[in-house]
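Okay, here's what each chain looks like letter by letter:
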Amino acid sequence: MGLVLVLAAAGAVSSDALLWTAAEWEPAPHMELEFLARDGLDATAKAALIAAAVVKAAFLWLILRPLAPGPLNGRERALRWLLYVAVAHALVLWLPLGWLPDEVGLTFSLVLWGAINVLFLLVIRWRSRPLRVAAGAMFAIMTATTVNELLDEVNLLDLEPGLVVGVVLVVCGVAATVLTIVGQHRDGRWSRGTLIAGWVSLGDSVLVYPVVIVFESADAEIFSGPALLPQIVMDVSALVYTVWLAATARQMPGGGLPAEPLSPAGRRVVRVVVASVTVLPLAVLIQPESTPRITFSAGSMGCDEWDTSFGDLKPEERDDVFVCLARDEMGGVPPMFPHTASDQQILGYGRALCHARSREEQEALLRQAGSERASWGVDSSDLVYVCPEIVGATQPELLRSSEEEEADHKAYIAEQNARCRDPWPRTKGVVQATANYSLFADGDYGYFVHDPEDKAGETWADQAVERLYDDKAQVGAAGSAVLVGHLEDVSDLCLTVKAFRTAPPLRLAGWDQVTEVPITTPNGHLTVPEATWEGVGANAPMPNLAIKGKGRYRLRVYVRITGDEEHLVVVYPGTSKKRLKLKTWEYASE
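Residues numbered from 1 in each chain as written. Predicted model: local features only at pLDDT ≥ 70, side-chain atom pairs only at ≥ 80, totals over all residues. Heavy atoms only, no water.

## Quick word on the overall build of the protein
We count it as follows: Helix numbers and strand numbers start at the N terminus; a helix is a DSSP run of H or I with at least 4 residues, a strand a run of E with at least 2. All accessible-area figures derive from a Shrake-Rupley calculation using a 1.4 Å probe, and residue coverage is judged against the displayed protein chains alone.
From N to C terminus, the protein includes 18 helices and ten strands. When the accessible surface of the protein is summed, it comes to about 31700 Å², and 60% of that surface belongs to carbon and sulfur atoms.

In structure tokens form, the structure reads like this:
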């Protein structure tokens, strides 16, 4: 205790960091040290830290007082030393345990406090079976809470308590301490000072947190006195609980005076309190079916789990998916229903929307629910989760699993590729490929033939976009990028690419437009982008058309409209920088 006071006095005179360490019993974090070295603590903060150091030194003296003499049986001896381990953890062991993974610290707490709670039930002379049962119930709830945290940490179970359950758990923790203190009083071995320390430790929750809220709401600069006071008060008050644990361990021998028997009225009061502490927390958890529940919010992490196809879900998961979709605000779009709507109301309206016979009925239901999206209606892809039997009858594709969707997508791609034929089947290129090329659904510029490894590729691509409409050919060329536009408003076109060692014959017959432009590759790589996860690109592997490595090439584009739009891209080595319009589409020239 003297060392703490000496350090506090020295710190008050010479070093703010030393004062911090003496009062908080831990080194000042690096960022705080930097601040202290630059500006220093103000007078209010220094006074608070000095007062905290004095009070905590007195508490430390109480903690380190010698053990009470007297015999102990095996259970009492085990409880004493486990309580001192808990005291050591509160004072110093928390620091090395903080360096270890969180699951190690949770396991330590589970084993330590599980054993302490069991020994409390066995060692304390409760003198009341209901009191012991109530204490056991509270201990079990707190142990189960730690088990849940540990399982969550190791990703074996994820039970997130809601606000009501969280409040109930706090109440149960307080109730466990209350019952233990009552048991100590009835036992008679513990002094009035120990019981007072226990009761004062409970006042920490009632008195400290309002102080924290008041000071945190103040507009105080960091490390000024007002900003530091909440942390200092919390650290000091938390030590009262440690004093109670140490006193409980120290006064374990059975030499104390027996407790005075309670009057009949007192016994009735104890029974009522015990029954209330046992039953009320459980009763709070049981809510009527009519109570609104809001499981998911717009930003709930739980909604990320349902990014899957209908056929992959279990039946009990479908309602949750619909609630998530109904509360979704992705892209700033308002949710399907108001934020105040409960899960039950959302599901009820969803099933009613399934039975709506027209778009007008859907809009009326949405307006009745207070939706900001009433004029939009609801997509069948959302409603399928609450009424698959109705939606699936007319749109069975919405009931598919991800495997079925993938298989269907592959079949669609194969069908699209199969309709595309090589327009020059007898003229084989050194490398070549034919495939369906998918554009954005709402249309885009076209497709690139480019060097994907060129560091200046983005600059060339931007210039190619700017040059796309320089003439009616819709072919923009710049450096290592050529952007080929489409003549009609299409989302798919048939694309064939061929590379030759020398210029192939022109063969203009049968084509609506033919354009030739220069292209370079600093890395010896020219190709067409393949389809991405968005489905944009060539739906088959595209070869490297720069068959002679890096250098200059000529790129000739053939386009024709034969029901579908068909493109042929020919690449061969060439140094000419000329842009040639070999044939112009007659509709474009009008």
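## Some points on the nonpolar core
One recurring pattern in soluble globular proteins: nonpolar side chains tend to sit buried together. The condition is simple: Here the nonpolar core consists of buried residues drawn from Ala, Val, Leu, Ile, Met, Phe, Trp, Tyr and Cys, with membership extended through side-chain atoms lying within 4.5 Å. Burial here depends on accessible area, computed with a 1.4 Å probe over protein chains only, as a share of the maximum for the residue type. Under 20% is buried, over 50% is exposed, and the range in between is partly exposed. Only heavy atoms enter the contact rule, under which two residues are in contact if any of them lie within 4.5 Å.
The biggest cluster of nonpolar side chains holds 48 residues, and the ones touching the most others in it are Ile 63, Leu 79, Leu 83, Ile 116, Phe 120 and Met 252. Mapped by element, the contributors of at least two residues to this core are α4 (43-63), α5 (74-98), α6 (102-123), α7 (129-153), α8 (163-187), α9 (192-217) and α10 (225-250). At nine residues, the largest contribution of residues to this core is made by α10. Residue contacts for Ile 116: discarding those within four places in its chain leaves Leu 79, Leu 82, Leu 83 and Ala 86. Counting residues in each nonpolar core, the second largest holds 32 residues, with Ala 477, Val 528, Ala 538 and Trp 585 among its members.

## Digging into the packing of α6 against α7
Angle between the axes and distance between the axes are the two parameters that describe a pair of packed helices. As a reminder of what qualifies: The convention used is that axes are lines fitted to C-alpha atoms, helices contributing only their stretch in contact, and that angles between N-to-C directions extend from 0 to 180 degrees. Throughout this description, any angle smaller than 35 degrees is read as roughly parallel, any larger than 145 degrees as roughly antiparallel, any in the 65 to 115 degree range as roughly perpendicular, and the remainder as oblique. Charged means Asp, Glu, Lys or Arg here, nonpolar means Ala, Val, Leu, Ile, Met, Phe, Trp, Tyr, Cys or Pro, and polar covers whatever is left, Gly included.
At their nearest, the axes of α6 and α7 sit 10 Å apart, and the two run at 170° to each other. One finds that α6 runs roughly antiparallel with respect to α7. Contacts from Asp 102, Glu 103, Leu 106, Thr 107, Leu 110, Asn 117, Phe 120, Leu 121 and Leu 122 of α6 reach α7 at Arg 132, Ala 135, Gly 136, Phe 139, Thr 143, Thr 146, Val 147, Glu 149, Leu 150 and Glu 153. Looking at the contact of α6 with α7 residue by residue, the classes come out as nine nonpolar, five polar and five charged.

## Quick look at a nonpolar patch on the surface
Spelled out, the test is: Patch criteria: residues need more than 30% relative accessible area and no salt bridge. Like-charged residues are merged within 9 Å; nonpolar side chains of Val, Leu, Ile, Met, Phe, Trp and Tyr are merged within 5 Å. By definition, a salt bridge exists where a carboxyl oxygen of Asp or Glu is found within 4 Å of a side-chain nitrogen of Lys or Arg.
Taken together, the side chains of Val 85, Val 92 and Leu 93 present a nonpolar region at the surface, about 210 Å² in accessible area. Following the sequence through the fold, Leu 93 ends up in helix α5.

## Looking at the side chain of Ser 480
Threshold: Polar contacts, as counted here, are pairs of nitrogen or oxygen atoms within 3.5 Å of one another; within protein the pair requires one atom able to donate a hydrogen and one able to accept it, and residues that are adjacent in sequence qualify only if both atoms are side-chain atoms.
Examined against the element boundaries, Ser 480 turns out to sit in the loop between β3 (475-478) and β4 (481-485). Take Ser 480: its relative accessible area is 1%, and that puts it in the buried class. In this structure the side chain of Ser 480 is engaged in a polar contact, spanning 2.7 Å, whose partner is the side chain of Asp 454. Ignoring any residue separated from it by four or fewer positions in sequence, one finds Ser 480 in contact with Val 449, His 450, Asp 451, Asp 454, Trp 460, Ile 519, Thr 520, Pro 522 and Leu 526.

## What to know about the sheet that holds strand β5 (residues 492-499)
Strand pairing in a sheet relies on backbone hydrogen bonds. The paired strands run either parallel or antiparallel. Note the threshold: We treat two strands as partners when DSSP finds at least two bridges between them.
Taken in spatial order, the seven strands of this open sheet run β7-β1-β5-β9-β8-β6-β10, and their pairing is mixed. The open sheet terminates on both sides in strands that have one partner only, identified here as β7 (537-538) and β10 (580-583). Relative to β10, strand β6 (residues 513-521) runs antiparallel, the two being bridged by three bridges. Bridge pairing in β10 links Val 514 to Lys 583.

## Re the sheet that holds β3
As summarised here, the arrangement of the three strands in space is β2-β4-β3, forming an open sheet in which the pairing is antiparallel. Each of the sheet's edge strands pairs with one partner strand only, and the pair in question is β2 (446-450) and β3. Adjacent strand axes in the sheet meet at a mean angle of 15°, parallel and antiparallel pairs treated alike. In terms of strand pairing, β3 meets β4 through four bridges, oriented antiparallel. Among the inter-strand pairings, Ala 478 is bridged to a residue of β4, identified as Ala 481. This element, helix α18 (residues 457-467), spans β2, β3 and β4 of the sheet and lies at about 145° to β3.

## A word on the confidence of the model for the protein
Short version of the rule: pLDDT is a per-residue confidence score from the predictor, ranging from 0 to 100.
Predicted confidence across the protein gives a mean pLDDT of 80, with 76% of residues reaching 70 or more. A low-confidence stretch, residues 255-260 (pLDDT under 50), is modelled with seven contacts involving residues beyond four sequence positions or located in other chains.

## Thoughts on the state of the cysteines
Basically, it comes down to this: The criterion for a disulfide is a pair of cysteine sulfur atoms lying within 2.5 Å.
Counting across every chain of the model gives two disulfides. With its sulfur 2.1 Å from that of its partner, Cys 420 forms a disulfide with Cys 494. Taking the torsion about the sulfur-sulfur bond, which here is approximately -75°, the covalent link between Cys 420 and Cys 494 counts as left-handed. Highlighted residues: Cys 420 in the loop between α17 (402-418) and β1 (431-438) and Cys 494 in strand β5, separated in sequence by 74 residues.

## Description of the packing of aromatic side chains
Using the following cut-off: Here a Phe, Tyr or Trp ring, Trp counted by its six-membered ring, pairs with any other such ring whose centre lies within 6.5 Å, and the pair is stacked when the planes are under 30 degrees apart, edge-to-face when over 60, and tilted otherwise.
Summed over the entire model, instances satisfying the criterion amount to eight aromatic pairs. An angle of 45° between the planes, with centres 6.0 Å apart, marks the rings of Trp 81 and Tyr 84 as tilted. One end of the pair is Trp 81 and the other is Tyr 84, both in helix α5 and three residues apart, which spans about a single turn. Judged by its relative accessible area of 16%, Tyr 84 is buried. Aromatic pair Tyr 241 and Trp 244: ring centres 5.5 Å apart, planes at 55°, arrangement tilted. A residue pair is termed a helical-turn pair when its members lie 3 or 4 positions apart in one helix, as Tyr 241 and Trp 244 do in helix α10 at three residues. The class for Tyr 241 is partly exposed, based on a relative accessible area of 29%.

## Observations concerning the pairing of β1
The sheet contact formed by β1 and β5 spans eight bridges and is antiparallel. Paired with Tyr 437 across the bridge in β5 is Leu 493. Where β1 and β7 come together, two bridges link them in antiparallel fashion. Looking at the pairing, Ser 438 lines up with Gly 537 of β7.

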